[in-house]
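Residues per chain are reported as follows:
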Protein chains: 2
Amino acid sequence: MHCRRTAVRAKSYLVYIRTHESGSFVRSSSIAFRCVAGKQKRLIRLGNRLTIYHYPVWDRHLGGTKTVAKQTQLIAFLAKMVKRNLFLMSSSAVHGFGYLEHAQTDLTSFFESNSVQKVLFIPYALTDYDAYTEKVGSVLKRWGFSCKGIHTYPDPCAAVQQAEAIYIGGGNTFLLLRTLYEKQLIDPIRDRVLNHGVPYVGSSAGTNVATRSIHTTNDMPIVYPPSFEALGLVPFNINPHYIDPDVNGTHKGETRPERISQFHELNDAPVLGLREGSTLFVGGESATLIGPPTELPGVSYGARLFRKNQEPVEFEPLSSLSFLMKEDA
Amino acid sequence: MHCRRTAVRAKSYLVYIRTHESGSFVRSSSIAFRCVAGKQKRLIRLGNRLTIYHYPVWDRHLGGTKTVAKQTQLIAFLAKMVKRNLFLMSSSAVHGFGYLEHAQTDLTSFFESNSVQKVLFIPYALTDYDAYTEKVGSVLKRWGFSCKGIHTYPDPCAAVQQAEAIYIGGGNTFLLLRTLYEKQLIDPIRDRVLNHGVPYVGSSAGTNVATRSIHTTNDMPIVYPPSFEALGLVPFNINPHYIDPDVNGTHKGETRPERISQFHELNDAPVLGLREGSTLFVGGESATLIGPPTELPGVSYGARLFRKNQEPVEFEPLSSLSFLMKEDA
């Protein structure tokens, strides 16, 4: 196999590394990633030690092969280059729409642009895995995608390694995160999404665990996870199902902004309050807010961004939120 | 000091133990407890080993003395006899009332019947301890009680040991429980309340931590406590600020009954959904639901009891909930 220096047409490909010392190529399967056509030609020099070439072949089944590149500095560098593909929905159920219907156009486009035909569904946020997978799978099937529950694989970690796309559904965030830890899937999912560009879809609890931690979930802590640290696919927190205070309400429990304010008394990370019907789309280092295809009168969409010691800021659908992708945002 | 066998008039007193072997009296300060006048005369025989007499003297300052009774079986037996005194409010703020005002009559009576003049306030559920203690303390002062924040004592554990009454305020349940663990107060508070009959007042988060665990809090998990297990002053769970689903609502986040149902998919304990304005009063093995002094039209009070695999049951104020005090309720 020879490395080409010409522009490539394939949508995704592996990265080959040549060390100056040896002159030989080393295939780094752990940093295989996908790129948008037309932007693939890269020649990266890291000091005078490494040159990276791209090879226009994509083999989905190579995902499980061993990592042979040992240069951790290189891996870290490439991880930042790799195109994250995240589709983070506030919720699956949205007032005025059928189940997942509000996301049909954008989610279909998201899968198609990433050449996804088969989705690995992770139903751990609820207890009836079969029923939950059937519920989501039947919708995806109507849209032209196949869907299989991770619980039907003998080895969930291998299922993640081979997945074309990973979709974590909503339910109870504590149960979901505990199960991901129990099945030792945190690192594998993180690796596939961040280092291999495997598209990730989350809804509600699935969106919560995609962020740095579940500290801003609304869910009841029905089980005790070994940590609140989550996948860390984005460097901030999200509050799904974000809802504005009811100015005429008689209930005295804390409002959502009050709860997020309590979080900021003890934590620094920004919190994106994502209203139902809204989705955060992340492509590489860019992040964009997406709204539903049609907006019902009198219903608020978009998101409200809360930062420590600052007034919250409102963002309409189609706003860029790329600034949040910086670690020190 | 001689032991009297006659009925005693003091409201509370110490327990003296005489072993048949030695014939001498041993004062068990660890099982000092309080009783309602008129029910104090007790003569308890445990097999043929021990006879227990009551002595009609109560010295508040004896609480800190060492335990000299070593018969663990006896201690366990007496612990069940000891009169728990719990005043568990759903919330401090209630629609239509000033801060804590809905509880004024009952809480005043609770303190007075237990000869409490000075309240130890634990403000750990919020971050500004001084402001929080001042807020609660100013109300208690108007009602004739003094109040001091536990944070003003050099040794919080010693403060608990000497407290006439313990009052844990609301805020964030996760922060509260983490701090109670950090300051190693779980066992001391539990001991004082269950084994010494020290009156306990909780509101919201303070009510949550009084139960077996915080698995049914509504709060945001802004910090990670070392466990969700709590004081266990009652053998069931409470959901404070309980609110019925809004049948006309457009929000799709889980309703409170749905969240409690998720809890019951993985846990067995009954959950008492305690509406704002309601209080659970526990005296020994009896538990009674208390409502606000006046009920506003159109507002629901009382509580809704959720059990695994059963239809929820509604309880009006003044209902007896003593059946919940059994471990296997």
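Calculation notes
- Residues numbered from 1 in each chain as written.
- Chains lettered and ligands numbered in written order.
- Predicted model: local features only at pLDDT ≥ 70, side-chain atom pairs only at ≥ 80, totals over all residues.
- Buried ≥ 20, exposed ≤ 12 C-beta atoms within 10 Å, placed from the backbone.
- Helix = DSSP H or I, 4+ residues; strand = E, 2+ residues; numbered from the N terminus.
- Arc of directions from axis to C-beta.
- Contact = placed C-beta atoms within 7 Å.
- Nonpolar A, V, L, I, M, F, W, Y, C, P; charged D, E, K, R; others polar.
- Core = buried A, V, L, I, M, F, W, Y, C linked by C-beta atoms within 7 Å.
- Expected span 1.5 Å × (residues − 1).
- Pairing = 2+ DSSP bridges.
- Axes fitted to C-alpha atoms, helices over the stretch in contact; angles between N-to-C directions.
- Least-squares fit on C-alpha atoms with pLDDT ≥ 70 in both.

### Quick word on helix α2 (residues 104-113) of chain B
Residue and element names in this part refer to chain B.
Then, in step 1: Of all the positions in α2, only L107, F110 and F111 are classed as buried. The arc enclosing the buried residues of α2, seen along the axis, measures out at 90°, which places them on a common side.
Then, in step 2: S115 sits one or two residues past α2 and shows a positive phi near 55°.

### With respect to the interface of chain B and chain A
Then, in step 1: Residue-level contacts link 32 residues of chain B with 32 residues of chain A.
Then, in step 2: In terms of residue count, the dominant contributor to the side of chain B that touches chain A is helix α8 (residues 256-266) of chain B (five residues).
Then, in step 3: Taken together, the residues of the side of chain B that touches chain A sort by class into 13 nonpolar, 15 polar and four charged.

### As for the nonpolar core
Side chains of nonpolar character tend, in soluble globular proteins, to be buried together.
Then, in step 1: The biggest cluster of nonpolar side chains holds 138 residues, and the ones touching the most others in it are L120(A), I166(A), L120(B) and I166(B).
Then, in step 2: Non-local contacts of L120(A), meaning those with residues more than four positions away in its chain, are made with K148(A), I150(A), A159(A), V160(A), A163(A), A165(A), I166(A) and Y167(A).

### Some remarks on helix α3 (residues 129-142) of chain B
The α-helix advances 3.6 residues per turn, and as a result positions three or four apart in sequence lie on the same side.
Residues and elements named next belong to chain B.
Then, in step 1: With 14 residues, α3 should cover 20 Å at 1.5 Å per step; its first-to-last C-alpha distance of 20 Å lies within 8% of that length.
Then, in step 2: By the burial criterion, the buried members of α3 are Y132, T133, V136 and L140.
Then, in step 3: Looking at the buried side of α3, the elements it contacts are β7 (118-122) and β8 (146-149).
Then, in step 4: Positive phi shows up at G144, right after α3, with a value of about 100°.

### Re the sheet that holds β8(B)
Residues and elements named next belong to chain B.
Then, in step 1: Spatial strand order, β8-β7-β9-β10-β6-β13-β14: seven strands in an open sheet with mixed pairing. Here the strands that pair on one side only, and so sit at the sheet edges, are β8 and β14 (286-290). Neighbour to neighbour, the strand axes of the sheet diverge by 20° on average, direction disregarded.
Then, in step 2: Pairing between strand β9 (residues 166-168) and strand β10 (residues 200-203): three bridges, direction parallel. The residue bridging I168 from the neighbouring strand is G202, located in β10.
Then, in step 3: Strand contacts of α3: β7 and β8, with the helix running at about 170° to β8, the strand carrying the most contacts.

### Section: the relation of the copies chain B and chain A
Then, in step 1: In the superposition of chain B on chain A (RMSD 0.0 Å, axial shift 0.0 Å), the rotation amounts to 180°. The superposition of one copy onto the other is thereby described by a two-fold rotation axis.

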